[in-house]
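So the chains spell out like this:
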Amino acid sequence: MKIKILILIIVMLVVGGLDNSRELNDLAIVSGIAIDVGENGKYKVTAQILNSKKQGQGSSSGGASSKSSSVIEYRSEAATIQLALRNMIYESPKRLYLGHMELLIISEEIAESKLKSCLDFFVRDNEVNKEFLVVVARGCKSEDIIGIQTPLEQDPIKNIKESIITTSKYEGRTAKTDLASSLGVLLEEGVDLTLPSVIIEGDTKSGDKEENIEQSNTPTKIIISDLAYFKDGYMKGYLKSKDNISYNMVRGKIKSTIVETKDKKNKIAVEIYKLNSNVKPVYKDSKYEVDININCDGIITEFTQKADVTSEEELRKYEDLVGGAIKKNILEYVSNCQNVYCSDIVGYGAVFHKFLNKEYKKIQKDFGTEYFPKIKTNVKVNVNLDKEGGLVNNDKNEYKK
Amino acid sequence: MTKTNTKNDKKDLIGGLGFYSFIYFLAKSSFLGMGSFLIFQKVTRDCYISGIIGMLIGLLPLCSFIAIQNNKKGKDIIDLNINLFGKTLGSIINIILNIVVFIIAISLFFNVSLFANTQYIPETTGLYIQILIIMPIIYALSKDITEISRVSQIILIINISFYLISIFGLIPDIEISNIFPVLENKMSKIMSSAFLYTVFSVAPIFILTIIPKRKVLNSTNNGRKIMLAYIMASLIFISLMLITNLVMGSNLIGIYRYPEYMVLKKISLFKIIERIESTVALQFVFNIYISIVLALFFIKESLKKIIKNAKIQKYIPHVLCILMIVIIKIFFSKATFVYEIYNSIYTYITGFGLIGLMMLSHFTMYIKGKISNKIA
């Protein structure tokens, strides 16, 4: 009995002594971090913290504190990110908690010179949630982006995150790249990284003021831009407009997108709602080739002129037309990767490494410089436009005559 | 009266499921941070091939385990060794066995406390965590093996539920191409990882030789059931390694200390249930908990044969647990030192010290059996 009591006392002492116990009120929950290059190559870190006081009140409540911002920013500069974040304690009464971080914005300078070392802290630290998105601030400082007031979301970080997810889901122009997946690509052989980018449209200085969201057409906006592409872990530039969608098509990561094409008299918009992609390496007659097969289901959503889609033959004609447009875009994208971007974002090296490993080992050293630019790409697109859409018989649609 | 006696006798026996659940836990005991970590480091995406080969190789020493378990005299390994090798040599072998089992217990204990320390509560002192973990271990050891087996059965059900949640929750994140190129590593590397797997999964099972067959309910023809329990545990072990690779890719599993835990962070059930990695990872902690209890039970039962005083016998678990903490404090202060040990001598110690000696016992038992048959 005595031993049991002794054990109980020890347990009570031990449980009470767990140093990690931290009350929710004691945490400064970080929703996003922006990193720029400061003086002498130091990291200039800006952390956006959710104002728990404001968040708890809700939007309808009044009172003195209703004027306070829903998010708070802290800035600090140090040679390491960890120290910069820790130094924020001089300003913040609470210790920063990174477990709910949703976004990391890095400046172009960071992306161009030290992305890997910048990510190291976030990978090593146990408290950091590894699922946050990584974004490049295009043509501006990342600390400017973090402060822009947005009308639909109180938290600008959440606004950017949701915009990226929505753009990726409904247009396929950007990619939802989180820390873990970008790290996986950085470490993988034969594939280069891409990251989504955001730009500021309008006056940066007035963007962080309350007046920015008081107008229906906000003067300063954050807009999702083209994907930033990397070569060996260093950012080199941004993809051209159409290549963003082609990039996601080849990866098979498109959930929905619009393909626009035209025949002799008509412009057509097709919504792709399902897409599968298969990238296969081929080694034939001492030549390296890649076959890209794309199968997609879509629906014709718009004609600019009167069109007939009542017959099967007509429908197949439009399928070929859309397929041709997709094929052309993909071939252009691959050609740009090989000759303009000079970056294997299409992942040909990885595909050869995975599926033609023996052959790849022979050319591994010179793959990026000698073989990759010359690889022939065969694209086969199979479009299925079986759904009729809202208008069944177009002959009766006299309004377009 | 006879019926009541039979009922009481049955109460003192380990239920069939209880015994096989022990095999399940022991075979998977080193999954977290030890076995899988070393295999991931060595062969990355070929881990499942090493696992399958290792599982098949493991069937051989498992036959020795079954033979020892089914020895005609119905003795546990300690008595059997004395019987086979005589008092002096038998005692030496028993001492070595106990030391090796204690090393396994210490390694598992250190591993689970390190895991809790690094992943759950990094700012808490290791000693606090160790004391916290040791409490239920001491409590379980104060009970009889039948009671431990009942706890094990309950934990088995929880464990399998967590395993199924992990698998179903990770299916949407699977990237089949992560499996390619198959057999990227040299065969010698794959085979060395396979042996590593065998040692890590089969060696702890030999701890169960401390439980004589007569203590297990319905133990006739138990060989097949033991094999099934081992294969089931191995398949779960291998499937977890495979799914970790398929979800994270070979590059990421190579950089994380606990990739099998990191992958659980991606679990999403019906897009509602998320961030349950800490709960689901308890399956690994439970594995280790039961295994430590059984390892210390092995030593406790061995010491009971020397220490006859019942009052002192009571305190054996306490002494063993305190000793574990003291040894960890002295020798396991640096994590890198421990990984070096896992990577080098630990495998040899458990391989030769447990599997080797047990197979020796089996071989001697077989030869002696043949000779006595001839004489008869």
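Just above sits the structure.
Residues numbered from 1 in each chain as written. Chains lettered and ligands numbered in written order. Predicted model: local features only at pLDDT ≥ 70, side-chain atom pairs only at ≥ 80, totals over all residues. Heavy atoms only, no water.

### Structural notes on the overall build of chain A
For clarity, the cut-off: Only DSSP runs of H or I reaching four residues or more are called helices, and only runs of E reaching two or more are called strands; each is numbered from the N terminus. The buried label applies to any residue whose accessible area, calculated with a 1.4 Å probe on protein chains only, is under 20% of its type's maximum; exposed applies above 50%, and partly exposed to all values in between. Contact between two residues is taken to exist if any of their heavy atoms lie within 4.5 Å; hydrogens are not considered. Accessible surface area values rest on a Shrake-Rupley calculation with a 1.4 Å probe, where residue burial reflects the displayed protein chains alone.
Within chain A one finds 14 helices and 13 strands. When the 401 residues of chain A are sorted by exposure, 48% land in the buried category. For chain A, long-range pairs separated by at least 24 residues make up 69% of all intrachain contacts whose partners lie at least 6 apart in sequence. With the model as given, the accessible surface of chain A reaches about 20500 Å², and the carbon-plus-sulfur share is 49%.

### Details of the overall build of chain B
Counted only if it meets this: The size measure is the radius of gyration over C-alpha atoms, and the globule rule it meets is 2.2 Å times the number of residues to the 0.38 power.
Along chain B, the regular secondary structure elements total 17 helices and 2 strands. Here the C-alpha radius of gyration of chain B, 21 Å, is about what a compact globule of 376 residues would show, namely 21 Å. Oriented by its inertia axes, the alpha-carbon framework of chain B measures out at about 60 × 45 × 45 Å. Relative to its full complement of 376 residues, chain B shows a buried share of 56%. A sequence separation of at least 24 residues applies to 86% of the contacts in chain B between residues at least 6 apart. Split by element, the accessible area of chain B, about 16400 Å² in all, is 68% carbon and sulfur.

### Some remarks on helix H2 (residues 16-28) of chain B
All names here are of chain B. The criterion, for reference: Here, expected helix span is obtained from the residue count minus one, scaled by 1.5 Å.
In this model, H2 (13 residues) spans 19 Å end to end at C-alpha, consistent with the 18 Å of a helix rising 1.5 Å per residue. Of all 13 residues that make up H2, 11 are buried, and the element is covered over most of its length. The secondary structure elements touched by the buried residues of H2 are helix H3 (31-43), helix H4 (47-69), helix H7 (145-170), helix H8 (187-202), helix H9 (222-248) and helix H13 (282-306).

### Quick look at H4(B)
Residues and elements named next belong to chain B. Put simply, the rule is: Note on bend: at a given residue it equals the angle between the axes fitted to the 7 residues ending there and to the 7 starting there.
With 23 residues, H4 should reach 33 Å at 1.5 Å per residue; the first-to-last C-alpha distance of 31 Å fits that figure. Where H4 bends most, the angle comes to about 35 degrees, and this point is Leu-60, followed within four residues by the proline Pro-61. Of all the 23 residues making up H4, 17 are buried; the element is thus mostly covered by neighbouring parts of the structure.

### Points about the nonpolar core
Most often, soluble globular proteins have nonpolar side chains that are buried together. Put simply, the test is: Remark: nonpolar core denotes a set of buried residues (Ala, Val, Leu, Ile, Met, Phe, Trp, Tyr, Cys) joined through side-chain atoms within 4.5 Å.
Ile33(A), Phe122(A), Phe19(B) and Leu296(B) are the most contacted members of the largest nonpolar core, which totals 171 residues. Each residue touching Leu296(B), except ones within four places of it in the same chain, is listed here: Phe102(B), Ala105(B), Ile137(B), Leu141(B), Leu320(B), Cys321(B) and Met324(B). Grouped together as the second largest cluster of nonpolar side chains are 49 residues, Ile268(A), Val322(A), Cys337(A) and Ile375(A) included.

### Some points on the side chain of Ser152(B)
Residue and element names in this part refer to chain B. Inclusion rule: Polar contact is the term for a pair of N or O atoms within 3.5 Å; when the atoms are in protein, one must be able to donate a hydrogen and the other to accept it, and sequence-neighboring residues count only if both atoms are side-chain atoms.
Relative to the helices and strands, Ser-152 resides in helix H7. Side chain to side chain, Ser-152 and Ser-21 meet in a polar contact 2.6 Å long. Once residues lying within four places of it in the same chain are set aside, the contact partners of Ser-152 are Gly-18, Ser-21, Phe-22, Phe-25 and Ile-290.

### Examining unusual backbone geometry
The linkage connecting Phe180(B) with the following residue, Pro181(B), adopts the cis geometry, with an omega of -5 degrees. Examined against the element boundaries, Pro181(B) turns out to sit in the loop between H7 and H8. Of note, the phi angle at Ser286(A) is positive, near 60 degrees, even though the residue is not glycine. Mapped onto the fold, Ser286(A) is located in the loop between strand E11 (267-284) and strand E12 (287-303). Phi is positive for Arg275(B), which is not a glycine, with a value near 50 degrees. Checked against the element boundaries, Arg275(B) lands in the loop between strand E2 (273-274) and helix H12 (277-280).

### What to know about a nonpolar patch on the surface
Residue and element names in this part refer to chain B. Note the following rule: Two distance rules govern patches: like charges are joined within 9 Å, and nonpolar side chains (Val, Leu, Ile, Met, Phe, Trp, Tyr) within 5 Å, applied only to residues with over 30% relative accessible area and no salt bridge. Every case where a carboxyl oxygen of Asp or Glu lies within 4 Å of a side-chain nitrogen of Lys or Arg is listed as a salt bridge.
Residues Ile-322, Val-326, Ile-330, Phe-331 and Phe-337 make up a contiguous nonpolar surface patch of about 490 Å² in total accessible area. Tallying contributions element by element places helix H15 (residues 316-331) first for the nonpolar patch, with 4 residues. What makes Phe-337 partly exposed here is its relative accessible area of 36%.

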